Amino acid sequence: MSQRRVAVIQAGTSLFDTPRTLDRMEAHCEAAAAQGVELAVFPEAYIGGYPKGLSFGAILGSRFPEGREDYLRYWKSAIDVPGAETARIGSFAAKMKAHLVVGVIERDGATLYCTALFFGPDGALLGKHRKLMPTGTERLVWGQGDGSTIPIFETDIGRIGAAICWENYMPDLRQSMYARGINLWCAPTVDERDIWQASMRHIAYEGRTFVLSACQYMTRSDAPENYTCHQGNKPETVLIRGGSVIVNPLGEIIAGPIYDREAILTADIDLDDVIRGKYDLDVAGHYARPDIFSLQVNNACQNPVSFSAQEIDAPLSKVEIE
């Protein structure tokens, strides 16, 4: 069956309050389930938060103590993958009986990653994608992902993958995903600009894929009182205004964009439109020129330190002294 109902969830984080954000997410999932969706996409950094406007106590060449406190607070609101929070998110997917894609801040040791998580309709955590290239000052607080987490999931509702925010502007990443047959392109973001709409339409048209872009809508009231951001401190101040949208494989908008409020956008799609679209443009097939251009993808996990099995298993207390 090629007919599917999909959704993007435009919602904001309760910044630095992950339990409260999970409660809000559960309510959104229940509302989406009532509309019979088979795939729901949440925004970038939804769990763990996108602290827009926060300086983290840094200027070029210097970091200050208040920034270290900001980072500690951010680290504490991040989640382990897998962990208790992913188990709870999986329960939302299971109740929905739907696939779920959600942006999180992943904690791995002392490093944070901007990550998209994928859940199946049985609640299982299928995998993750770590943002390859944090943008601008995001590099101060997020690590870089590697080629080992660029998955495309073959599911009964289509081939699902994700590119987070400005990763969507990386041509090589896009081409690597087109080559693997993606037809449900999830784009969690916090980019609220008008030009984002043009980008989403371009990717849908270039890749002949459905694009589901979920953006946060967040106001100053979603952040704690001790949160100094450059936009101002009035509770009604909009920090991220939304712009969630769903686009078909011919670049036509079929839901949204919507701004200035939380919302659930749904669309009924026909996956056969992907094949119809590639009739005259398949950039990883008949419209490619492998005799001129080539792309090599390193999908190996890049560990900064590697240990042999013997070193890992050897008890630290047993040291031979000659």
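The structure we're discussing is the one just above.
Small disclaimer: the values here were computed from a predicted structure and weren't measured.

Asks: Just give me the short version of the pattern of salt bridges, but keep the residues and values in it.
Replies: For side chains of opposite charge, pairing can occur when their charged atoms come near one another. Per the stated rule, a full pass over the model turns up 23 salt bridges. In this structure, aspartate 222 engages arginine 24 in a salt bridge whose closest nitrogen and oxygen atoms are separated by 3.2 Å. Of this pair, aspartate 222 sits in the loop between strand 12 (217–219) and strand 13 (238–247) while arginine 24 sits in helix 1 (residues 18–34), and the two are 198 residues apart along the sequence. Exposure class is identical for aspartate 222 and arginine 24. Each is buried. Across the salt bridge formed by arginine 159 and glutamate 154, the nearest N and O atoms sit 2.8 Å from each other.

Asks: Before we move on, can you summarise the sheet that holds strand 5 (residues 99–108) with the specific residues and values?
Replies: Taken together, 6 strands build an open sheet; the order of strands is 7-6-5-2-1-15 and the sheet is mixed. The sheet terminates laterally at strand 7 (125–130) and strand 15 (263–270), the two strands that pair on one side only. Between one strand and the next, the sheet's axes are offset by a mean angle of 30 degrees, whatever the strand orientation. The pairing of strand 6 (residues 111–119) with strand 7 spans 5 bridges and is antiparallel. The residue bridging threonine 115 from the neighbouring strand is arginine 130, located in strand 7. Contacts from helix 2 (residues 65–77) reach strand 5 and strand 6 within the one sheet, and its direction differs from that of strand 6 by about 25 degrees.

Asks: Account for the nonpolar core, with residues named and values stated.
Replies: Generally speaking, a soluble globular protein has its nonpolar side chains buried in company with each other. Within the largest apolar cluster, 48 residues are counted, with the highest numbers of intra-cluster contacts made by Leu39, Leu184 and Leu212. Look past the residues within four positions of leucine 39 in its chain and what remains in contact with it is Arg5, Val6, Ala7, Ala98, His99, Leu100, Val101, Ile157, Ile160, Leu184, Cys186 and Leu212. Residues Ile9, Val37, Val81 and Phe119 belong to the second largest nonpolar core, which totals 24 residues.

What counts, and where the lines are drawn
- Residues numbered from 1 in each chain as written.
- Predicted model: local features only at pLDDT ≥ 70, side-chain atom pairs only at ≥ 80, totals over all residues.
- Heavy atoms only, no water.
- Salt bridge = Lys/Arg side-chain N within 4 Å of Asp/Glu carboxyl O.
- Helix = DSSP H or I, 4+ residues; strand = E, 2+ residues; numbered from the N terminus.
- Buried < 20%, exposed > 50% of the residue type's maximum accessible area, 1.4 Å probe, protein only.
- Pairing = 2+ DSSP bridges.
- Axes fitted to C-alpha atoms, helices over the stretch in contact; angles between N-to-C directions.
- Contact = heavy atoms within 4.5 Å.
- Core = buried A, V, L, I, M, F, W, Y, C linked by side-chain atoms within 4.5 Å.

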